[in-house]
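Overview (structure and organization)
Now for the letters of each chain:
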Amino acid sequence: MKRYLITGASRGIGRAIAENLAGVDVELLLHGRDTVALAEVYEAVKPHCAHVVRLIHDLALPSGVSDLIDQVGKKPLNLLVNNAGIAIVKPFCEITSIEWEQTVGVNITAPFLLMQHFAPHMPPGSSIVNILSIAAKTGFANWSAYCMSKFALEGRSQCVREELRDRRIRMINVYPAATDTHIWTHIEGKWPRHKMISPEEVASAVAYALSRPAIVALENITISSLAGNL
Ligand SMILES: NC(=O)c1ccc[n+]([C@@H]2O[C@H](COP(=O)([O-])OP(=O)(O)OC[C@H]3O[C@@H](n4cnc5c(N)ncnc54)[C@H](OP(=O)(O)O)[C@@H]3O)[C@@H](O)[C@H]2O)c1
């Protein structure tokens, strides 16, 4: 049986990835904070999986990350999907120290610590998927905290990818353009949801990369909308 950990699986892209990767030979470890939303995902994937576990932890807190690690336990993972993320979008002068720290905690520190803890025990043929963004490569006005976090994840992933190559662990970086999820409801402004890609499209790109032979690494996947990026 394969063991997959997906952070931020309670909604959006994480949920779509969980639904796509559910399988009879898979134990899905679904992480989120919202117990109700995570219970919905649990019910949706449970009939299709060997085993499903819910992990409720706040990744902005160091204790949340260490509790998540403890709950996952010592059995090795075959897949870690670093998906949980937040977007604080406002002029850089208005970003509070709490917002900055939360962005660093959830978007940078948590995936780093998870990777640092789990990667050494992953068997050859395992994969780590990082849900980055087109904002990992391009700056946008008012997106400084978010872009900072995704650029950081990008640099870190490029280095760790090389460290894991000899162990035959694939590092798959995904760069979605604007995707129609809950994340946009907290971002001020009118955003054309109809122009956005769907979380299912991101999930299907992840599933395709994972379905390649273990020796083949589809390392960087950019997904844009032909309706135009925002
Ligand atoms: N939507 C886009 O346009 C877009 C484009 C490119 C990349 N991305 C990236 O895709 C990833 C998923 O985003 P999404 O669009 O699917 O957003 P979403 O629908 O808002 O989902 C975000 C997920 O992250 C979890 N999360 C947020 N803060 C957390 C915290 N402090 N502790 C633990 N979990 C936390 C949420 O859990 P709860 O809801 O249970 O708290 C939720 O499961 C993010 O890394 C985002 O940066 C999104």
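Below is a summary of the structure that appears in this document. (Residues numbered from 1 in each chain as written. Predicted model: local features only at pLDDT ≥ 70, side-chain atom pairs only at ≥ 80, totals over all residues.)

Attention now goes to the overall build of the protein. Within the protein one finds 6 helices and 7 strands. Overall, the protein shows an N-to-C arrangement of helices and strands of β-α-β-α-β-α-β-α-β-α-β-α-β. Of all 230 residues assigned to the protein, the portion counted as buried reaches 38%. Contacts in the protein between residues at least 24 apart in sequence constitute 69% of all its contacts with a sequence separation of at least 6. (Helix = DSSP H or I, 4+ residues; strand = E, 2+ residues; numbered from the N terminus. Buried ≥ 20, exposed ≤ 12 C-beta atoms within 10 Å, placed from the backbone. Contact = placed C-beta atoms within 7 Å.)

Okay, the nonpolar core next. One finds Ile-17, Ala-18, Leu-28, Leu-30, Val-174 and Val-206 to be the most contacted residues of the largest nonpolar core, which totals 60 residues. At 6 residues, the largest contribution of residues to this core is made by helix H6 (residues 199-211). (Core = buried A, V, L, I, M, F, W, Y, C linked by C-beta atoms within 7 Å.)

Quick look at the site of the ligand now. Around the ligand, a shell composed of 28 residues is seen, among which Gly-8, Gly-12, Arg-33, Gly-85 and Thr-181 lie nearest. Here the shell around the ligand takes 3 residues from helix H1 (residues 12-21), the largest share from any one element. Per-class residue counts for the shell around the ligand are 13 nonpolar, 11 polar and 4 charged. (Near = placed C-beta within 6 Å. Nonpolar A, V, L, I, M, F, W, Y, C, P; charged D, E, K, R; others polar.)

Turning next to the sheet that holds strand S6 (residues 170-176). The sheet built from 7 strands is open, its strands ordered S3-S2-S1-S4-S5-S6-S7 with parallel pairing. Two strands in the sheet have a free side with no partner beyond their single neighbour: strand S3 (51-56) and strand S7 (220-223). Direction aside, the axes of adjacent strands within the sheet are offset by 15° on average. Here 5 bridges tie strand S5 (residues 127-131) to S6, and the two strands are oriented parallel to one another. By the bridge assignment, Ile-131 is partnered in S6 with Val-174. In the packing of H1 onto the sheet, the strands contacted are strand S1 (2-6), strand S2 (26-32), strand S4 (79-82) and S5, and the crossing angle to S1 comes to about 165°. (Pairing = 2+ DSSP bridges. Axes fitted to C-alpha atoms, helices over the stretch in contact; angles between N-to-C directions.)

Below, the discussion takes up the pairing of S4. Neither face of S4 is open: one carries Leu-79 and Val-81, the other Leu-80 and Asn-82, and all of them are buried. The sheet contact formed by S1 and S4 spans 3 bridges and is parallel. For Ile-6, the partnering residue across the bridge sits in S4 and is Val-81. Relative to S5, S4 runs parallel, the two being bridged by 4 bridges. Note that in S5 the partner of Asn-82 across the bridge is Asn-130. With helix H4 (residues 97-118) bridging S4 and the parallel S5, this β-α-β connection has right-handed handedness. (Right-handed = clockwise from strand over helix to strand, strands pointing away.)

Notably, Asn-142 is not glycine yet its phi reads approximately 75°, a positive angle. Although it is not a glycine, Arg-168 adopts a positive phi angle of roughly 60°. Classification of Arg-168 as partly exposed rests on a count of 14 C-beta atoms within 10 Å.

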